[in-house]
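# Per-entry structural report
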Amino acid sequence: MYDVFIDSFGARWQDAPPPRYRAAVLSINLTNQLLNPPDDPNLADIVATQTGQDAGVRDYVLNTPGAARIVNDAVHELTALLTAANGRPVQLLVNCWYGRHRAPAVADAIGHRMQTTGARVAVTHHHIDRPPVSRKHPRPGCPFCAIVHDGAEATIVREWHDTIAIVPRRGGCTDGHLLVIPRGHVDDFTTDPVVSATTQHRAAELAAEIGGQWNYLTSCGPDATQSVKHLHGHLLPRTPGDGLTLPWTHPTHEEPAR
């Protein structure tokens, strides 16, 4: 039987761990805390392959200004809650964006401190083994990053805090053709499921507002017709006889002889 359950997870996966039976719950949200600078060379090469349980990442996170206070406050609050819980277990939820670096490092540190007080602690990292997600900082040479971050010329028809919609530079396949593009650099729709879902959500919102019938298309890789390596969804209005064919039209196959 454990006194304290500590669960780390990634908020962006929208798959929070379930509450422990009869446990009083505390939470720490690190999504906007302990962030390393985007150009910090100390983590640039290892962040994709290591986690908060690797010494280099763990020490980096725990030495970030503010980390010690977060750990100390959590230990103090957990100890007080345990005292008032009358034998019930206590659960602490710790989340960062992806659950691979900051949340596991902080959760383990709190767990170790609680063990030194005599508490029986179980620490579980729910998303630490999820595939690494590439950093979303502007990519030099990316034409869509140039539009979003550098003011490159484009006809922008809608802006959201996370996405923009533009008219393709050459006008598109038909009148009304739009591209919906996330502001952060994401290579394609397989890179970050949440960004992909957000982009499609914005496309659906815009298409519903405009009205009519549509195709929504996105691609991953040059063999799938992706020409710009920055996630983008094509919103194509459809009308009878518009002459557009989808890119996966199959060639005609001969019927087998009978």
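Scroll up to find the structure.
Residues numbered from 1 in each chain as written. Predicted model: local features only at pLDDT ≥ 70, side-chain atom pairs only at ≥ 80, totals over all residues. Heavy atoms only, no water.

### Re the pairing of strand β7 (residues 178–182)
Counting buried positions along β7 yields five of five residues, so the element is predominantly enclosed. Along β7, one buried face is formed by Leu178, Val180 and Pro182 and the opposite face, lined by Leu179 and Ile181, is buried too. Of the strand pairs in this sheet, strand β6 (residues 163–167) and β7 are connected by four bridges, and their pairing is antiparallel. Looking at the pairing, Ile164 lines up with Ile181 of β7. In this sheet, strand β9 (residues 233–238) lies alongside β7 in antiparallel orientation, the contact comprising three bridges. Looking at β9, one finds that Val180 is bridged to Gly233. (Buried < 20%, exposed > 50% of the residue type's maximum accessible area, 1.4 Å probe, protein only. Helix = DSSP H or I, 4+ residues; strand = E, 2+ residues; numbered from the N terminus. Pairing = 2+ DSSP bridges.)

### Describing the packing of aromatic side chains
Geometry of an aromatic ring pair is reported as the spacing of the ring centres plus the angle between the planes. Evaluated as defined, the whole model comprises two aromatic pairs. Aromatic side chains Tyr2 and Phe5 sit 5.8 Å apart centroid to centroid with 65° between the ring planes, which places their arrangement in the edge-to-face category. The buried category is assigned to Phe5, whose relative accessible area is 14%. Taking 6.0 Å as the distance between ring centres and 65° as the angle between the ring planes, the aromatic pair formed by Trp13 and Tyr98 counts as edge-to-face. In this pair, Trp13 sits in the loop between β1 (4–10) and β2 (24–29) while Tyr98 sits in the loop between β3 (90–96) and α4 (102–116), placing the two residues 85 residues apart along the sequence. Neither Trp13 nor Tyr98 differs from the other in exposure class; each is buried. Lying across the ring of Trp13, Arg130 places its NZ or CZ 4.8 Å from the centre. (Phe/Tyr/Trp six-rings, centres within 6.5 Å; stacked < 30°, edge-to-face > 60°. Lys NZ or Arg CZ within 6 Å of the ring centre and 35° of its normal.)

### Observations concerning the packing of helix α2 (residues 55–62) against α4
Across the interface, α2 lies against α4 with an axial gap of 9 Å and an inter-helix angle of 80°. In terms of their interaxial angle, α2 and α4 are classed as roughly perpendicular. Across the interface between the two elements, Arg58, Val61 and Leu62 from α2 touch Arg102, Ala105, Val106 and Ala109 from α4. Taken together, the residues that form the contact of α2 with α4 break down as five nonpolar, no polar and two charged. (Axes fitted to C-alpha atoms, helices over the stretch in contact; angles between N-to-C directions. Parallel < 35°, antiparallel > 145°, perpendicular 65-115°, else oblique. Contact = heavy atoms within 4.5 Å. Nonpolar A, V, L, I, M, F, W, Y, C, P; charged D, E, K, R; others polar.)

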